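Residues per chain are reported as follows:
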Amino acid sequence: HYSCAQINAKILKHPGFLQYVDSSEPQPGQHGQYVVVTHHVTPLYAIDKTSDAKRMVPWGLYNVLRAVSFLNSECNMLHGCLGVSAVFVDDGGGWRLGGVELTSSTTDQSPVFAEAYRCWQRGTLPPEIAQISVPNPTSFMNEHKPGPIDAWGCGCLIYEVFNGKLESPSQLGNFGSIPSHLTTIFKKMLGSNPARRALPAEALNNTFFQDEVVRVGLFISELALKEEDDKVRFFKHISGTIDQLPKHFTQSTLLPEMVKAVEFGGIATAALPALLCASSTLDPEVFLKVVLPCIRRSFSSQDRSLRLALLNNLDKYISHLDNSVVEKDIIKPVMAGFQDSLPAMRDATIKSMAFLSPKLSEKTVTDSVMKALGSAQGDSVSSVRVNSIICIGKVAVHMTEGAQEKTVMAACARALKDSFVPSRKAGLAVLSAWADKISANSSANLCTPVATAVLDENSDVRSAALSAMRSLMKRLESEAEILDAKAPLELENPSDTLHMQQDHSTNSSVNHSCANSFTHTAQATSNMLPSTSIVTDGIMDDNDDAWGQLDVSIEQPSAPAKTESTLKSARTSKATSLTPQRSNLGSSSAVDDDGWGDLDGWGSSNDVLQSASSPKQAGKKSGRLKLGTVKKPANDMIDWD
């Protein structure tokens with residue numbers, strides 16, 4: 001029967017049986033062992049009863065019953081040794097039928113089952129076989145059909161799966177933990193009349209097998225035979241339910257078939273989202289071995305819909321991508337999407353930068369990604385512009401520190417000028433998020449455009465602008481408090497105090513020089529004027545404010561005798577010399593603290609200082625007579641009247 005097991009393992013090709021790889025047998029005339037090598041499996045009785053293992057029971061039983069049905073009806077063979085010990089579990093959690101040592105064909109003249117079944121007696125023999133004392137091998141298969149015998153064995157297998165090892169046929173009368181959906185078919189399989197027993201093929205239609213894992217497993221096993229429309233519907237359905245499937249079933253059974261469908265099945269657009277959804281539940285080593293090569297090839301594909309599906313589902317597999325893989329193999333083909341003629345592709349490319357930028361170097365983000373996002377702010381499609389400013393706010397944190405603030409300020413300022421309302425709102429939202437990260441000077445510079453947005457015609461923009469303005473003002477208030485806290489510390493520094501005293505002395509000397517010069521000029525003028533003020537055309541009025549507030553005391557000398565010639569000289573001097581020279585007096589850059597004000601166009605500070613310190617030079621530069629120095633004519637030919 002060992003040689004029979006070797007032969008049966010070779011010839012039985014079915015998804016429900018163990019997959020034969022190789023075998024060895026002893027040399028003729030020598031004693032030795034028969035060795036059969038199969039794919040990697042584990043005996044069912046050695047499997048831990050975890051939640052995933054329990055989820056796989058319907059699919060496992062379905063596979064075994066389907067294999068037995070195939071053996072009985074298609075091959076006209078009897079298994080003859082069904083039970084937990086004949087079932088094995090592969091890496092995907094699927095059950096495989098083994099234990100083919102007693103498998104016999106109905107055409108065998110001397111079937112091995114009839115000769116050796118008593119050696120394998122485990123209490124699972126049907127009553128019509130157990131009561132035979134000495135079976136006749138030549139007529140055994142004609143008298144006993146394979147279906148009823150294996151149906152009894154399937155009933156015993158169901159009992160052992162849910163209740164443990166079967167020691168005696170009397171235990172079969174107790175259902176134990178068998179699910180209620182299976183109890184009816186279980187009783188029919190164990191009927192005393194072989195002709196009325198329920199065959200394994202009948203059990204496949206039981207409601208117990210209307211399970212999601214069973215449906216997915218069946219479709220995947222027949223995927224190559226399905227129509228394209230059926231495949232598309234299946235992958236769309238599986239995208240939403242794949243997280244409910246057992247993990248090892250997804251990795252070992254479902255995943256390889258989905259990869260084939262993406263690369264060779266002609267339905268890549270439908271299969272790829274399902275593949276990427278499955279990637280979120282995979283172990284890292286499985287992703288790197290199975291999925292990553294497929295993703296690399298797909299990013300370089302000429303199929304636009306395939307690349308669009310990769311970008312739209314990036315969040316599902318980005319955690320499995322290594323930084324070096326993104327930098328070398330992925331970012332270059334993705335960047336080409338910024339220039340794509342399809343707006344949906346440009347929009348998806350912009351959104352993908354938020355996921356890919358943390359995986360890139362600062363140089364790549366600053367030199368390539370941010371430039372492309374800045375150009376996207378001028379896109380003709382409004383939604384692309386909105387997403388570009390939002391993405392800039394998220395990606396800027398991955399730039400070099402020196403470029404972050406400048407880039408965000410420029411992007412926000414550009415967004416505030418956009419005619420599309422959501423673009424302006426997005427710019428203000430980014431500005432509010434970055435208010436604590438930019439400098440105080442930048443916050444102050446942004447107050448003006450944000451204040452303009454407060455008066456926007458759209459209420460949402462106004463609300464966003466007010467929120468941004470509050471954030472900026474909070475930043476400025478914090479900076480002002482810091483400066484106020486530093487001020488007393490600066491005054492306590494002796495070196496700083498010395499500099500302040502020197503500056504104050506310099507300013508005082510300049511003010512004193514200006515005051516003395518003006519005093520001398522005023523005294524010289526007063527020597528030529530009478531003691532009373534002269535009011536002529538409002539030029540020299542005591543209440544005139546054209547001179548500014550001069551805190552200078554001018555002592556009046558004793559008035560000379562009021563002769564007619566003196567009065568005539570005073571009139572002439574008044575008309576030619578007493579007009580105030582604004583070009584020489586009144587620049588705030590010359591005197592800062594005396595209330596002169598900021599008067600534009602009144603000359604440079606150097607000219608004012610020179611004229612204030614030297615009245616004679618000021619008179620020469622202005623081209624007028626020196627103030628208060630009217631000379632007597634050389635002769636008396638001039639008529640002073």
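Residues numbered from 1 in each chain as written. Predicted model: local features only at pLDDT ≥ 70, side-chain atom pairs only at ≥ 80, totals over all residues. Heavy atoms only, no water.

### Examining the overall build of the protein chain
- Each helix and strand in the protein chain was counted, giving 27 helices and seven strands.
- Buried residues in the protein chain amount to 43% of all 641 residues.
- In the protein chain, the share of contacts with a sequence separation of at least 24, taken over all contacts with a separation of at least 6, comes to 64%.
- When the accessible surface of the protein chain is split by element, carbon and sulfur atoms take 51% of a total near 34,500 Å². (Helix = DSSP H or I, 4+ residues; strand = E, 2+ residues; numbered from the N terminus. Buried < 20%, exposed > 50% of the residue type's maximum accessible area, 1.4 Å probe, protein only. Contact = heavy atoms within 4.5 Å. Areas by Shrake-Rupley, 256 points an atom, 1.4 Å probe, with all protein chains shown as cover.)

### Observations concerning unusual backbone geometry
- With a phi close to 55°, N76 is a non-glycine residue in the positive phi region.
- Looking at where N76 falls in the secondary structure, it is placed in the loop between α3 (57–74) and β4 (77–78).

### Quick word on a nonpolar patch on the surface
- A cluster of nonpolar residues, V21, V35 and V37, forms a patch on the protein surface that exposes about 210 Å² of accessible area.
- Tracing the backbone through its elements, the reader meets V35 in strand β2 (residues 35–38).
- You can call V35 partly exposed: its relative accessible area is 36%. (Patch = residues over 30% accessible without salt bridge, like charges linked within 9 Å, V, L, I, M, F, W, Y side chains within 5 Å. Salt bridge = Lys/Arg side-chain N within 4 Å of Asp/Glu carboxyl O.)

### Thoughts on the pairing of strand β5 (residues 87–90)
- Residue alternation in β5 divides its side chains into two sets, V87 and V89 and F88 and D90, and both sets are buried.
- Across three bridges, the pairing between strand β3 (residues 41–43) and β5 is antiparallel. Looking across to β5, one finds that V41 is bridged to D90.
- Pairing of β5 with strand β6 (residues 95–97), which is carried by three bridges, proceeds in the antiparallel orientation. Residue pairing across strands places V89 opposite W95, the latter belonging to β6.
- Hairpin connection, β5 to β6: the antiparallel pair is bridged by four residues, and G93 has positive phi, about 90°. (Pairing = 2+ DSSP bridges.)

### What about the packing of helix α20 (residues 401–416) against helix α22 (residues 440–453)?
- Following both chains from N to C, one finds α20 and α22 inclined at 5°, their axes separated by 11 Å at the closest point. Classified by the interaxial angle, the pair formed by α20 and α22 is roughly parallel. From α20, E405, M409 and L416 reach across to α22, where they touch S442, L446, P449 and V450.
- Class assignment for the residues of the contact of α20 with α22 results in five nonpolar, one polar and one charged. (Axes fitted to C-alpha atoms, helices over the stretch in contact; angles between N-to-C directions. Parallel < 35°, antiparallel > 145°, perpendicular 65-115°, else oblique. Nonpolar A, V, L, I, M, F, W, Y, C, P; charged D, E, K, R; others polar.)

### Here's the deal with the nonpolar core
- Counting 139 residues, the largest nonpolar core has L61, F235, M353 and L373 as its most contacted members.
- Once residues within four sequence positions are removed from consideration, M353 is found in contact with I331, V334, M335, F338, P358, V369, L373, C391 and V395.
- One finds L78, L125, I129 and I132 within the second-largest nonpolar core, a separate group that totals five residues. (Core = buried A, V, L, I, M, F, W, Y, C linked by side-chain atoms within 4.5 Å.)

### So, the confidence of the model for the protein chain
- Considering every residue of the protein chain, the mean pLDDT works out to 75; 71% of them sit at 70 or more.
- Confidence drops under a pLDDT of 50 for residues 496–641, and excluding neighbours within four residues, the segment shows 101 contacts in the predicted structure. (pLDDT = per-residue confidence, 0-100.)

### Here's the deal with the sheet that holds β6
- Reading across the sheet, the three strands line up as β3-β5-β6 and stay open at both edges, with antiparallel pairing between neighbours. Edge positions in the sheet fall to β3 and β6, since each has one partner strand and no second. Strand-to-strand, the axes of this sheet are offset by a mean angle of 40°, without reference to chain direction.
- Strand contacts of α3: β5 and β6, with the helix running at about 20° to β6, the strand carrying the most contacts.

### Overview of the pattern of salt bridges
- Within the structure shown, the criterion is met by 16 salt bridges.
- Here D230 ties to R233 by a salt bridge, and the two come within 2.3 Å at their closest N and O atoms. Taken together, the positions of D230 and R233, both in helix α11 (residues 228–241) and three residues apart, correspond to about one turn of that helix.
- You can call D230 partly exposed: its relative accessible area is 27%.
- For R233, a relative accessible area of 52% corresponds to the exposed category.
- Of the charged contacts in the structure, one is a salt bridge between D347 and K351, with a shortest N-O distance of 3.3 Å. Of this pair, D347 and K351 both sit in helix α17 (residues 343–356), four residues apart, roughly one helical turn.

### Considerations on the packing of aromatic side chains
- Using the criterion set out here, one finds seven aromatic pairs in the structure.
- The interplanar angle of 15° and the centroid separation of 4.2 Å between the aromatic rings of F219 and F234 together place this pair among those described as stacked. Of this pair, F219 sits in helix α10 (residues 212–221) while F234 sits in helix α11; the two residues are 15 residues apart in sequence, bridging distant segments of the chain.
- Exposure remark for F234: the relative accessible area of 8% places this residue in the buried category.
- With a centroid separation of 5.3 Å and 65° between ring planes, the pair formed by F234 and F235 is classed as edge-to-face.
- According to the relative accessible area criterion, F235 is buried, its value standing at 0%.
- Aromatic rings pair up to connect W59, Y62, F162, F208 and F209 into one cluster.
- The aromatic ring of W434 is capped on one face by K437, whose charged end is 5.5 Å from the ring centroid. (Phe/Tyr/Trp six-rings, centres within 6.5 Å; stacked < 30°, edge-to-face > 60°. Lys NZ or Arg CZ within 6 Å of the ring centre and 35° of its normal.)

### Some remarks on helix α7 (residues 146–163)
- Compared with an ideal rise of 1.5 Å per residue, which puts 18 residues at 26 Å, α7 spans 26 Å between its outermost C-alpha atoms and is within 8% of the ideal.
- In the stretch just after α7, G164 is the one whose phi turns positive, near 100°. (Expected span 1.5 Å × (residues − 1).)

### Topic: the side chain of S388
- Checked against the element boundaries, S388 lands in helix α19 (residues 382–395).
- For S388, a relative accessible area of 0% puts it in the buried group.
- Setting aside residues up to four positions removed in sequence, S388 forms contacts with I350, L373, A376 and Q377.

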